[in-house]
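Below, each chain spelled out in residue letters.
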Amino acid sequence: MRRVVSSPFISLDGVVESPDQWQFDFDAEMGAEMERALAAADTVLLGRVTYTEWAGYWPNVDEGEDAGFASWINNAPKYVASTTLAGVDEWQNTTLLKGDLADAVRELKAGEGKDITVAGSPGLLRSLLEQDLLDELVLLIHPVIAGEGRKKLFADDAALTKLELVNAKPTSSGVVIATYRPAR
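The structure contained in this document is the topic of the report that follows.

Cut-offs applied
Every chain is numbered on its own, with residues counted from 1 as its sequence reads. Given that this is a predicted model, residues contribute local features only at a pLDDT of at least 70 and side-chain atom pairs are listed and counted only at 80 or more, while totals for whole chains, interfaces and linings are drawn from all residues. Each side-chain value is derived from all of the structure's non-hydrogen atoms; neither hydrogens nor water enter the calculation. Numbering of helices and strands runs from the N terminus; a helix is a DSSP stretch of H or I covering at least four residues, while a strand is a stretch of E covering at least two. Radius of gyration: over C-alpha atoms. The globule rule applied is 2.2 Å multiplied by the number of residues raised to the 0.38 power. Three exposure classes are used, based on accessible area relative to the maximum for each residue type with a 1.4 Å probe and protein chains only: buried under 20%, partly exposed in between, and exposed over 50%. The criterion used for residue contact is that any of the two residues' heavy atoms lie within 4.5 Å. Residue-level accessible areas treat just the shown protein chains as cover; the underlying method is Shrake-Rupley with a 1.4 Å probe. A pair is scored as a salt bridge if a Lys or Arg side-chain nitrogen falls within 4 Å of a carboxyl oxygen belonging to Asp or Glu. Here, nonpolar core means buried Ala, Val, Leu, Ile, Met, Phe, Trp, Tyr and Cys residues that are tied together by side-chain atoms lying within 4.5 Å of each other. A strand pair is defined by DSSP finding two or more bridges across the two strands. The arc under discussion is defined with respect to the helix axis, by the directions toward the C-beta atoms.

## Quick look at the overall build of the chain
Along its length, the chain carries five helices and nine strands. Across the chain, helices and strands are ordered from the amino to the carboxyl terminus as β-β-α-β-α-α-β-β-α-β-α-β-β-β. Radius of gyration (C-alpha) of the chain: 16 Å, near the 16 Å computed for a compact globule of 184 residues. In terms of overall dimensions, the chain has a C-alpha envelope of 40 × 40 × 35 Å along the principal axes. Taking all 184 residues of the chain together, the buried fraction comes to 42%. Pairs at least 24 apart in sequence give 71% of the contacts found in the chain among residues at least 6 apart. Just so you have it, the chain exposes about 10000 Å², and 50% of that area is on carbon and sulfur atoms.

## Observations regarding the pattern of salt bridges
Applying the stated criterion across every chain, the model contains eight salt bridges. Between D42 and R2 there is a salt bridge, with its nearest N and O atoms 2.7 Å apart. Of the two residues, D42 is situated in strand β3 (residues 41-47) and R2 in the segment before β1 (4-6); the sequence distance between them amounts to 40 residues. A relative accessible area of 27% means that D42 is categorised as partly exposed. Among the residues examined, R2 registers a relative accessible area of 8% and is labelled buried. Each of the salt bridges in this network shares a partner with another, and the network as a whole consists of R3, D115, E136 and R181.

## What to know about the nonpolar core
Nonpolar side chains in soluble globular proteins generally cluster together in the buried interior. Ranked by internal contacts, the top residues of the largest apolar core, which has 22 residues, are L45 and L128. Setting aside chain neighbours within four positions, we find L128 in contact with V4, L45, L101, V105, V118, L133 and L134. Grouped together as the second largest cluster of nonpolar side chains are 14 residues, V44, A70, I73 and V80 included.

## A short note on the pairing of strand β7 (residues 136-142)
Most of β7 is tucked away: six of the seven residues are buried. Bridging between β1 and β7 involves two bridges; their strand directions are parallel. The residue bridging V5 from the neighbouring strand is E136, located in β7. Where β7 lies against strand β9 (residues 176-182), five bridges are found, and the strand directions are antiparallel. When the bridges of β9 are listed, I141 appears paired with V176.

## Some details on helix α2 (residues 48-55)
Every buried residue of α2 is listed here: T50, Y51 and A55. The arc enclosing the buried residues of α2, seen along the axis, measures out at 115°, which places them on a common side. Buried residues along α2 sit in contact with β3, β4 (78-81) and β5 (94-97).

Following this line, the structure appears as structure tokens:
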């Protein structure tokens, strides 16, 4: 069975929104972790907001330092969880999930292939964790307090959810890469 995995950048105060505004260093160890995650995955799961932002950007990138990721994500099958979008035709290899999210994700997990990675999409990530559909959460914890009213990964009223620490390692820039799995 395929796994659903997410590797968000997160600040010490739990912020995941707009990491480009508070992520100051991207070191070799973080790059290696991202490469490992992409090599292990062949499918992308997105929420509406991330899809809308990324569909206008990644299809247009074909050179520079982002070209490798652009090629990977543009060619990967992408599935969008949204109850408000009518279609997702503007980005190649993209399918709008219809019906119940849990059923759709279970069907993806039961299919053939590598890991399914959740890109961005903190709301979707929370839903997957709440419905016990997330198999691994790799937090790249940055030594910064982002503040300024930005969106956090978990709401203050989130339900108690126990996770098991699988691995933790600091990087040369002070980021901690912490891998968790739901305690089942």
